[in-house]
2 protein chains.
Amino acid sequence: MAEYVKVALDAMGGDNAPLETVKGAVEAVNEDKRVKVFLVGKEPLIRNELKKYTYPEEQLEVVHAEQIIEMAEPPVMAIRKKKDSSIVKAMYMVKNGECDAFVSAGSTGAVLVGGQVIVGRLKGVERPPLAPLMPTSNGVSLLIDCGANVDARPSHLVQFAKMGSVYMENVLNIKNPRVGIVNIGAEEEKGNALVKETFPLLKNCPDINFIGSVEARDIPAGTADVIVCEAFVGNVILKMYEGVAGELLKKVKSGLMTNMRSKLGALLIKPALKTTLKSFDTEQYGGAPLLGLKGLVVKTHGSSKAVEVKNSILQCITFKEQNINEKIMEKVASGDSVKQEEKEDII
Amino acid sequence: MAEYVKVALDAMGGDNAPLETVKGAVEAVNEDKRVKVFLVGKEPLIRNELKKYTYPEEQLEVVHAEQIIEMAEPPVMAIRKKKDSSIVKAMYMVKNGECDAFVSAGSTGAVLVGGQVIVGRLKGVERPPLAPLMPTSNGVSLLIDCGANVDARPSHLVQFAKMGSVYMENVLNIKNPRVGIVNIGAEEEKGNALVKETFPLLKNCPDINFIGSVEARDIPAGTADVIVCEAFVGNVILKMYEGVAGELLKKVKSGLMTNMRSKLGALLIKPALKTTLKSFDTEQYGGAPLLGLKGLVVKTHGSSKAVEVKNSILQCITFKEQNINEKIMEKVASGDSVKQEEKEDII
């Protein structure tokens, strides 16, 4: 039998832990024979949840961790001090090679800091970006970076474009993924200093399919497969997505309750509306990978339910089997050699 | 009879000019006796449109301008070279005091450049921001800056907060408007370098009602009245708003057409849905003011119809009658004196 893809799960992370995290882990191992999940956290609580389910026992293991890093804790301090927390302990399992991947619905800050400090960056990667998938009209796009590195430099954005391309090509099976940079106009001369400096670098990048500027307005339509931007802008994009969709649907729903006629209509459209909205639901895609680390780190939403936890775990199988990290290292290194040659040309 | 509020309208600006611009001007003067509109552009074309309507003739005047600045022209060059264009000619009318305000649906770049170069900044204003109103669940918020000044500095953002407060208090009649800064987390220590530096300045600003960080997710719910951000982020917010709402509604509509049951339901909910969506419609608010200039400059959407042109013109009446520019100068100057005192303290 082939070796398992081994995933360390922060069983204590998120608003619904350990109830939904344990449930998600059980669902994952029941669905796929290739994965083994290590539930890291308070053993008595985890065992208590596990009692509810049946599952192949060789695919689930509990690893006790006494501490929990809370959402509001300053992340650098928490990672340094709470050595026996589920996040720190699980991340060391990835660092030491006991696990291939780490999944958490816990503190984003702690996961980002721990990823860099404990798991560590791949050779050649300057900054590991957080890259969630966003549902669009005709599929999904990868938004990279969406909160890991504020005040990024042009060279970071070029690496994001490369890492995002590897991910979309190999994990989502999109051939020659289209890479766009978020800009405030379609023309090349538009933009702030960062975008103006990054644009020609992306244009001259031989191993990505750069399609130029993408205006925020066109993102939901699925104009590009890889949406490159710095973290502050990416965070605003993701949160506007959630905010606008949420408010608009609330408004539509309450509008439908205004009179008898529309109430009856609402009853009739309910099933069709539900199917439609499912395609805009981020849960089905699992969490956001923090790319460019020695091992995979996946951050899922703090409010994750079992289905999101399960999908985040299953995502790790493709990531590992497709050798994404080797491919990222190759691609990032190829850019470096180009840069090197250019430098020599100039000298 | 009191003097008119005089508005120079770029009759040739936008996708639907001069048809919709002239129509909008006629509707404005028919609706309000306090305004006089100067239609600036190709006289024969304008007269041809005017023939269709009846209106109080003393409230409409045609001013011939031979040239048109196209959407794609580099703005600085266009403003410098096309002296006989509708934009340049109309802006000089404001500069020379013949008009109080200028309204255009034409090239945003040309309007921004012309506003600074021809109309000129108010004393004390460092950078004039473009500030559109955004519909929210419980009213409107002012998004400031949304595209005029990329790579802004903290002192600019503080001025945006003050100018936005004056506008919301006096034009939209919101007492003590809540000012928020767009951030990637609710805590004070979050953010990029610009936000971290700006936050304490806003916190210590005595004459605005600063409520702290606002996450993009909470903007559509109407969490703040004045949403302060630098232009790149503002542009992304506005365009995500349009993009997400547009795609989602398209999706909902096509979802409703999937079967007989939902088609019937769709027929029943149509009137209620229409009322709901009207409250999310930006047209009713007219265009976005470019604040901090000697005179008012209003930029409306390139695809504006008559109703948006009309509302942009009528907006100028309140602006003038409430002496917004005097109030802006006072508020900006008050900040300067605080800064001055602080400097002296330090010395």
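This text goes with the structure placed above it.
Residues numbered from 1 in each chain as written. Chains lettered and ligands numbered in written order. Predicted model: local features only at pLDDT ≥ 70, side-chain atom pairs only at ≥ 80, totals over all residues. Heavy atoms only, no water.

Next up on the list: the overall build of chain A. Each helix and strand in chain A was counted, giving eleven helices and eleven strands. What you see for chain A is a C-alpha radius of gyration of 21 Å, in line with the 20 Å of a compact globule of 347 residues. On the principal axes, the C-alpha backbone points of chain A span a range of 65 × 65 × 40 Å. For chain A, the proportion of its 347 residues judged to be buried stands at 57%. Of the contacts formed within chain A by residues at least 6 apart in sequence, a portion of 72% connects residues at least 24 apart. Surface accessibility of chain A: about 14600 Å² in total, with carbon and sulfur atoms responsible for 53%. The distance from the centre of the 44 positive side-chain charges to the centre of the 44 negative ones in chain A is 5 Å. (Helix = DSSP H or I, 4+ residues; strand = E, 2+ residues; numbered from the N terminus. Rg over C-alpha atoms; globule rule 2.2 N^0.38 Å. Buried < 20%, exposed > 50% of the residue type's maximum accessible area, 1.4 Å probe, protein only. Contact = heavy atoms within 4.5 Å. Areas by Shrake-Rupley, 256 points an atom, 1.4 Å probe, with all protein chains shown as cover. Lys, Arg positive; Asp, Glu negative; His and termini not counted. Charge placed at Lys NZ, Arg CZ, Asp CG, Glu CD.)

When the terminal C-alpha atoms of helix H6 (residues 154-170) of chain A are compared, their 25 Å separation across 17 residues agrees well with the 24 Å that a helix rising 1.5 Å per residue should span. Burial runs high along H6 of chain A: 16 of the 17 residues are buried. (Expected span 1.5 Å × (residues − 1).)

Another point: the pairing of strand S1 (residues 5-10) of chain A. All names here are of chain A. Of all six residues in S1, six are buried; the element is thus mostly enclosed. Burial along S1 is two-sided: the face carrying Val5, Val7 and Leu9 and the face carrying Lys6, Ala8 and Asp10 are both buried. Both S1 and strand S2 (residues 35-41) contribute to a ladder of six bridges, which runs parallel. When the bridges of S2 are listed, Leu9 appears paired with Leu39. Following the chain from S1 across helix H1 (residues 19-31) to the adjacent parallel S2, one finds a crossover that is right-handed. In this structure, S1 lies alongside strand S4 (residues 101-104), joined through three bridges in parallel fashion. Within the sheet, the bridge partner assigned to Val7 lies in S4 and is Ala101. (Pairing = 2+ DSSP bridges. Right-handed = clockwise from strand over helix to strand, strands pointing away.)

A word on the sheet that holds strand S10 (residues 288-290) of chain B. All names here are of chain B. Strand order in the open sheet formed by six strands is S3-S2-S1-S4-S11-S10, and the pairing between neighbours is mixed. Edge positions in the open sheet fall to strand S3 (60-64) and S10, since each of these has one partner strand only. The mean inter-strand angle of the sheet, taken between neighbouring strand axes irrespective of direction, is 25 degrees. Against the sheet, helix H2 (residues 43-50) touches strand S2 (35-41) and S3, its axis set at about 155 degrees to S3. (Axes fitted to C-alpha atoms, helices over the stretch in contact; angles between N-to-C directions.)

Residues and elements named next belong to chain A. Orientation of H6 relative to helix H7 (residues 193-203), taken along the N-to-C sense of each, is 50 degrees, at an axis distance of 9 Å. The orientation of H6 with respect to H7, classified from their angle, is oblique. The element H6 and its partner H7 pack so that their crossing is right-handed. Counting all contacts with H6, which are made through Pro154, Leu157, Val158 and Ala161, the residues of H7 involved are Leu194, Glu197, Thr198, Leu201 and Leu202. Of the residues belonging to the contact of H6 with H7, the class tally is seven nonpolar, one polar and one charged. (Parallel < 35°, antiparallel > 145°, perpendicular 65-115°, else oblique. Left-handed = near helix turned anticlockwise from the far one by under 90°. Nonpolar A, V, L, I, M, F, W, Y, C, P; charged D, E, K, R; others polar.)

So, about the relation of the copies chain A and chain B. Each copy of the chain is related to the other by a rotation around an axis and a translation along that axis. It takes a turn of 180 degrees to lay chain A on chain B, together with a shift of 0.0 Å along the axis; the resulting RMSD is 0.1 Å. Taken together, the rotation and translation relating the two chain copies correspond to the operation of a two-fold axis. Across chain A, the smallest distance between a C-alpha and the rotation axis is recorded for Gly265 of chain A, namely 2.1 Å. Mapped onto chain B, 100% of the interface residues of chain A again fall at the interface, so both copies present the same surface. (Least-squares fit on C-alpha atoms with pLDDT ≥ 70 in both.)

Turning next to the nonpolar core. Counting 161 residues, the largest nonpolar core has Leu39, Ile237 and Ile313 of chain A together with Leu39, Ile237 and Ile313 of chain B as its most contacted members. With residues near it in sequence (within four places) discarded, Leu39 of chain A still touches Leu9, Ala11, Val22, Ala25, Ile46, Leu50, Leu60, Glu61, Val62 and Val63 of chain A. (Core = buried A, V, L, I, M, F, W, Y, C linked by side-chain atoms within 4.5 Å.)

Further remarks concern the side chain of Glu215 of chain B. Following the sequence through the fold, Glu215 of chain B ends up in strand S8 (residues 209-215). What makes Glu215 of chain B buried here is its relative accessible area of 13%. Leaving out residues up to four positions away in the same chain, Glu215 of chain B has contacts with Lys239 of chain A together with Asn183, Ile184, Gly185 and Ala186 of chain B.

Turning to the packing of aromatic side chains, a few remarks are in order. Residue and element names in this part refer to chain B. One pass over the structure, following the stated rule, counts four aromatic pairs over all chains. Taking 5.1 Å as the distance between ring centres and 75 degrees as the angle between the ring planes, the aromatic pair formed by Phe199 and Phe210 counts as edge-to-face. Taken together, the residues Phe199 in helix H7 (residues 193-203) and Phe210 in strand S8 connect sequence positions eleven residues apart. By relative accessible area, Phe210 is classed as buried at 17%. (Phe/Tyr/Trp six-rings, centres within 6.5 Å; stacked < 30°, edge-to-face > 60°.)

What follows covers the pattern of salt bridges. In the structure shown here, the tally under the stated rule is 30 salt bridges over all chains. Salt-bridge contacts for Glu126 of chain A lead to Arg153 of chain A; the nearest nitrogen and oxygen are separated by 4.0 Å. One end of the pair, Glu126 of chain A, is in the loop between helix H5 (108-119) and strand S5 (133-136); the other, Arg153 of chain A, is in the loop between strand S6 (139-144) and H6, with 27 residues separating them in the sequence. A residue is classified by how much of its surface remains accessible, and Arg153 of chain A, at 48% relative accessible area, is partly exposed. One salt bridge in this structure joins Arg47 of chain B and Glu43 of chain B, with 3.0 Å as the shortest N-O distance. Taken as a pair, Arg47 of chain B and Glu43 of chain B lie in helix H2 at a separation of four residues, close to a single helical turn. (Salt bridge = Lys/Arg side-chain N within 4 Å of Asp/Glu carboxyl O.)

We now examine the side chain of Lys239 of chain B. Looking at the element boundaries, Lys239 of chain B is found in helix H8 (residues 231-256). Among the polar contacts listed, one links the side chain of Lys239 of chain B to the backbone oxygen of Ile184 of chain A, at a separation of 3.4 Å. Residue contacts for Lys239 of chain B: discarding those within four places in its chain leaves Ile184, Glu215, Ala216 and Arg217 of chain A. (Polar contact = N/O pair within 3.5 Å; in protein donor to acceptor, adjacent residues only side chain to side chain.)

The interface of chain A with chain B comprises 52 residues on the first partner and 52 residues on the second. Counting the surface lost from both chain A and chain B, the interface buries some 4800 Å², and carbon and sulfur atoms represent 74% of this. Here chain A is connected to chain B by four salt bridges. Ionic pairing is found between Arg217 of chain B and Glu242 of chain A, a salt bridge with its closest N-O pair at 3.0 Å. Applying the counting rule to chain A against chain B returns ten residue pairs in polar contact (both at pLDDT 80 or more). Broken down by secondary-structure element, the contributors of at least two residues to the side of chain A that touches chain B are strand S7 (178-183), H7, helix H8 (231-256) and helix H9 (260-278) of chain A. Tallied by class, the residues present in the side of chain A that touches chain B amount to 31 nonpolar, 13 polar and eight charged. (Buried area = accessible area lost by both parts, 1.4 Å probe.)

Let us look at the sheet that holds strand S9 (residues 226-228) of chain B. Residues and elements named next belong to chain B. The strand order across the open sheet built from five strands is S5-S6-S9-S7-S8, with neighbouring strands paired in mixed fashion. For this open sheet the edge positions go to strand S5 (133-136) and S8, each flanked by a neighbour on one side alone. Put simply, the sheet's adjacent strands are angled 30 degrees from each other on average, direction ignored. Examined bridge by bridge, strand S7 (residues 178-183) and S8 share six bridges and lie parallel to one another. Bridging from a neighbouring strand, Arg178 pairs with Asn209 of S8. The strands touched by H8 are S5, strand S6 (139-144) and S7; relative to S5, the strand with the most contacts, the crossing angle is about 45 degrees.

Any functional reading would require information that these geometric values do not contain.
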